[in-house]
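The primary structure of each chain is shown beneath.
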Amino acid sequence: WDQNECRENAHKKLSRMLNESDTDFANVVEFDDFSFYPIPEPWAALQTTCGRDRVALLYNKRRWKTSSVAGTRQVGCMFVNDRPFVVQAFEAIDVGSDNPD
């Protein structure tokens, strides 16, 4: 592991984990903005920053969509300019026979 390439290696590892797992959601803390290292399809990110801290809530866009109900997304700082958070309500996307409902 080359510490000078830590950022790139961490993003590559995250991409592999998202692609290789059957996961719907992931919480990522202290990663750079995903505009520099895009996350793979079908993933989307809800991000916020407080001071130097960054948090992202990742979700699988093929299975979930953000709720359109007002007030179902909250972002902020738990302390002044520190400890960011993202809270979001989601709605399942009907994927046909795979959905038990």
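Q: Looking at this structure, I do not really get the pattern of salt bridges. What am I missing?
A: A pair can form between side chains of opposite charge whenever their charged atoms are brought close. Summed over all chains, the structure comprises seven salt bridges. The shortest N-O distance in the salt bridge between Lys-61 and Glu-41 comes to 3.4 Å. One end of the pair, Lys-61, is in the loop between strand S3 (53-60) and strand S4 (64-66); the other, Glu-41, is in the loop between strand S1 (25-29) and strand S2 (43-50), and 20 residues separate them in sequence. Classification of Lys-61 by relative accessible area gives partly exposed; the value is 36%. By relative accessible area, which is 54% here, Glu-41 ends up exposed. For Arg-83, the salt bridge goes to Asp-82, with nearest N and O atoms at 3.9 Å. Since its relative accessible area comes to 26%, Asp-82 is described here as partly exposed. A single network of salt bridges, built from pairs that share partners, joins Asp-22, Asp-24 and Arg-63.

Q: Just checking my understanding: could you explain the side chain of His-11 for this structure?
A: Among the secondary structure elements, His-11 is positioned in helix H1 (residues 6-20). What makes His-11 buried here is its relative accessible area of 6%. Once residues within four sequence positions are removed from consideration, His-11 is found in contact with Phe-31, Asp-32, Phe-34 and Tyr-37.

Q: Looking at this structure, how should I read H1?
A: At 3.6 residues per turn, the α-helix brings residues three or four places apart onto the same side. When the terminal C-alpha atoms of H1 are compared, their 21 Å separation across 15 residues agrees well with the 21 Å that a helix rising 1.5 Å per residue should span. Every buried residue of H1 is accounted for by Asn-9, His-11, Leu-14, Ser-15 and Leu-18. Against the buried residues of H1 lie S1, S2 and S3.

Q: I tried to follow the sheet that holds S1 on my own but got confused; where do I start?
A: Strand pairing in a sheet takes place through backbone hydrogen bonds and is either antiparallel or parallel in direction. Spatial ordering of the open sheet is given by S1-S3-S2, a layout of three strands whose pairing is antiparallel. The open sheet has two free edges, formed respectively by S1 and S2, since each of these has just one partner strand. With direction set aside, neighbouring strand axes in the sheet form an average angle of 15°. Here eight bridges tie S2 to S3, and the two strands are oriented antiparallel to one another. From the neighbouring strand, Thr-49 faces S3, where its bridge partner is Arg-54.

Q: What is the right way to read the packing of aromatic side chains from this model?
A: Aromatic ring pairs: the centre-centre distance and the angle between the two ring planes describe each pair. Evaluation of the coordinates by the stated rule reveals three aromatic pairs. The interplanar angle of 45° and the centroid separation of 5.2 Å between the aromatic rings of Phe-25 and Trp-64 together place this pair among those described as tilted. With Phe-25 in strand S1 and Trp-64 in strand S4, the pair connects residues that are 39 residues apart, well separated along the chain. Ring geometry for Tyr-59 against Phe-90: centres 4.9 Å apart, planes inclined by 55°, an arrangement best described as tilted. One end of the pair, Tyr-59, is in strand S3; the other, Phe-90, is in strand S7 (residues 90-92), with 31 residues separating them in the sequence.

Reading the values: rules and limits
Residues numbered from 1 in each chain as written. Predicted model: local features only at pLDDT ≥ 70, side-chain atom pairs only at ≥ 80, totals over all residues. Heavy atoms only, no water. Salt bridge = Lys/Arg side-chain N within 4 Å of Asp/Glu carboxyl O. Helix = DSSP H or I, 4+ residues; strand = E, 2+ residues; numbered from the N terminus. Buried < 20%, exposed > 50% of the residue type's maximum accessible area, 1.4 Å probe, protein only. Contact = heavy atoms within 4.5 Å. Expected span 1.5 Å × (residues − 1). Pairing = 2+ DSSP bridges. Axes fitted to C-alpha atoms, helices over the stretch in contact; angles between N-to-C directions. Phe/Tyr/Trp six-rings, centres within 6.5 Å; stacked < 30°, edge-to-face > 60°.

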